[in-house]
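In case you want the letters, here they are:
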Amino acid sequence: MSVWDDLVGQEKVSAVLGAAARDADAQVTAAAADEPLPETSRMTHAWLFTGPPGAGRDQAARAFAAALQCVSPDRALGGAPGCGFCDGCHTALLGTHADVTAVAAVGAEILVKDMRDTVRKSFTAPANGRWQIILVEDAERLNEKSANAVLKAVEEPAPRTVWLLCAPSIEDVLPTIRSRCRHLNLRTPSVDAVADTLVRRDGVDPQAAADAARATQGHVDRARRLATDPAARERRAAVLKLPLRLDEVGACLRAAQELVDAAAEDAKQLAEEMDGKEAEEMKAALGAAQGGRLPRGTAGVMKDLEDMQKRRRTRTQRDSLDVALGDLTTFYRDVLALQLGSRVAIANSDAEDALDRLARAGSPESTLRRIEAIAACREALDRNVAPLLAVEAMTMALRAG
């Protein structure tokens, strides 16, 4: 199974990356043998992966990183890099390769202090891999200072360093950075392609796979979670019942509180799983005895860890809310399709009675206003508006139509 098998519906992107990985392999081999480098190459030092949520930007970047680090002996026999089985591929895909550094936003932004060590590492030679690879999963969340740090590193990279940046669109990245990157745009996979992947790779029942793929409209990760996690299906069912409950002001406020509380519970569960373990590992790294006091001068390190964990909880809560808002948007999109007599396939076929009821009770104009209210809520959350205030404003707007 090659590293490209996880890229659902991205055949063109896989072909481009595969060709670049072969040229990169040829460069490293020629340099090791002190031979002249190839005159032409499809490999470059910086790449920008864009595409809508669920298209697989991060997966494509990580698959490319694995192909660049591939050490399969089949390469010498003409095999393509990216076997998926060798130590280089395996550790790169798992995120444990010493020469593949991944950076993701913990909170609303990637701060310059989060990038400082990574930028410094980008100027060093690979420790034991073929390339030094820096993968920035949320390049759109680089703030001004961290973006400038990345720009300096991309402008004058080390010979064996590759930057892989991921963002929703090319406009989300500074022009000075994107002008130095090779751009690859991923498309939303088809519902059929996602369903087929769930059946083949995850052993999901074909009907359940088709329902999950249709409900998430081609978002691979969310479809997998919906098909395999009963709790995710329960949360989605609760969200789809919300539009029928907004018949009075009190109901709107209660619905908003429930959405925010559910997102907070998700963040709390993640924190319980990760925070304690991270704190113990940090204390051990700092030399604290089991159950003993920290060495003098290390309190600031623990404070930084606590701040990072707090930012992560906030990000997790907002991401969970965004999933619910996406489900609501799809719901009202189905309502609009019914009102207009569109032949577009209904995503939420399991809520057809509710869709019919709302379609008959309203007009296409009111449904569009409701979709706009959800979009406004998402924008407010991106601007760090208090979640409860943003969601309450949305539920009131959904009631008004």
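How each quantity is defined
Residues numbered from 1 in each chain as written. Predicted model: local features only at pLDDT ≥ 70, side-chain atom pairs only at ≥ 80, totals over all residues. Heavy atoms only, no water. Helix = DSSP H or I, 4+ residues; strand = E, 2+ residues; numbered from the N terminus. Contact = heavy atoms within 4.5 Å. 1 Å grid on protein atoms, 1.4 Å probe; cavity = no way out; pocket = protein on both sides within 12 Å on 5 of 7 lines; lining within 4 Å. Points joined across faces, edges and corners; volume = space filled by probe spheres on them. Expected span 1.5 Å × (residues − 1). Buried < 20%, exposed > 50% of the residue type's maximum accessible area, 1.4 Å probe, protein only. Arc of directions from axis to C-beta. Polar contact = N/O pair within 3.5 Å; in protein donor to acceptor, adjacent residues only side chain to side chain. Pairing = 2+ DSSP bridges. Axes fitted to C-alpha atoms, helices over the stretch in contact; angles between N-to-C directions. Patch = residues over 30% accessible without salt bridge, like charges linked within 9 Å, V, L, I, M, F, W, Y side chains within 5 Å. Areas by Shrake-Rupley, 256 points an atom, 1.4 Å probe, with all protein chains shown as cover. Salt bridge = Lys/Arg side-chain N within 4 Å of Asp/Glu carboxyl O. Lys, Arg positive; Asp, Glu negative; His and termini not counted. Charge placed at Lys NZ, Arg CZ, Asp CG, Glu CD.

Visitor: How should I be thinking about the side chain of Thr 330 in this particular structure?
Guide: Position of Thr 330 among the secondary structure elements: in helix α12 (residues 299-340). The contacts of Thr 330, once residues within four sequence positions are left out, are Ala 215, Gln 217, Ala 347 and Asn 348.

Visitor: Where do I start with empty space enclosed by the protein in this structure?
Guide: Left-over empty space is what a probe sized like a water molecule reveals as it rolls over the atoms. Evaluation of the coordinates by the stated rule reveals 1 cavity of 30 Å³ or more. Space inside the largest cavity adds up to approximately 30 Å³. Where the lining of the largest cavity is concerned, the elements lending two or more residues are α1 (11-32) and α2 (57-69). Ranked by residue count, the leading element in the lining of the largest cavity is α1, at 3 residues.

Visitor: Which parts of the structure should I look at to understand helix α10 (residues 230-241)?
Guide: Working note: α-helix, 3.6 residues per turn, so residues spaced by three or four point in the same direction. If you check α10, its first and last C-alpha atoms are 17 Å apart, about what 12 residues at 1.5 Å a residue would give, namely 16 Å. Taken together, the buried positions of α10 are occupied by Ala 232, Arg 236, Val 239 and Leu 240. The arc enclosing the buried residues of α10, seen along the axis, measures out at 95°, which places them on a common side. The exposed set on the far side of α10, more than 90 degrees from its buried face, consists of Glu 234 and Lys 241. Its side-chain oxygen at 3.0 Å from the backbone nitrogen of Ala 231, Asp 229 defines the N-terminal cap of α10.

Visitor: What exactly am I supposed to notice about the sheet that holds strand β3 (residues 132-136) here?
Guide: One key point about sheets: their strands pair by backbone hydrogen bonds, in either a parallel or an antiparallel sense. On the basis of which strands lie adjacent, the open sheet formed by 5 strands has the order β2-β3-β4-β1-β5 and parallel pairing. Single-partner strands in this sheet number two, and they are β2 (100-103) and β5 (182-185). Going from strand to strand, the sheet's axes swing by 15° on average, the running direction of each strand aside. Here β3 pairs with strand β4 (residues 161-167) via 5 bridges, running parallel. Residue pairing across strands places Ile 133 opposite Val 162, the latter belonging to β4. On top of the sheet, α2 reaches β1 (46-50), β2, β3 and β4; it is set at about 165° to β4, its chief contact.

Visitor: Would you mind showing me how to read a negative patch on the surface here?
Guide: Together, Asp 261, Glu 265, Glu 272 and Glu 273 make up a negatively charged patch on the protein surface. Asp 261 sits in the partly exposed class, given a relative accessible area of 42%.

Visitor: Mind showing me how you'd approach unusual backbone geometry here?
Guide: Within the chain, Gln 217 stands out as a residue other than glycine whose phi angle is a positive 55°. Summarising the element assignment, Gln 217 is placed in the loop between α8 (206-216) and α9 (220-228). Judged by relative accessible area, Gln 217 falls into the partly exposed class, the value being 32%. In this model, Asn 384 sits at a positive phi of 70°, which is unusual for a non-glycine residue. Of note, Asn 384 is situated in the loop between α14 (364-382) and α15 (387-400).

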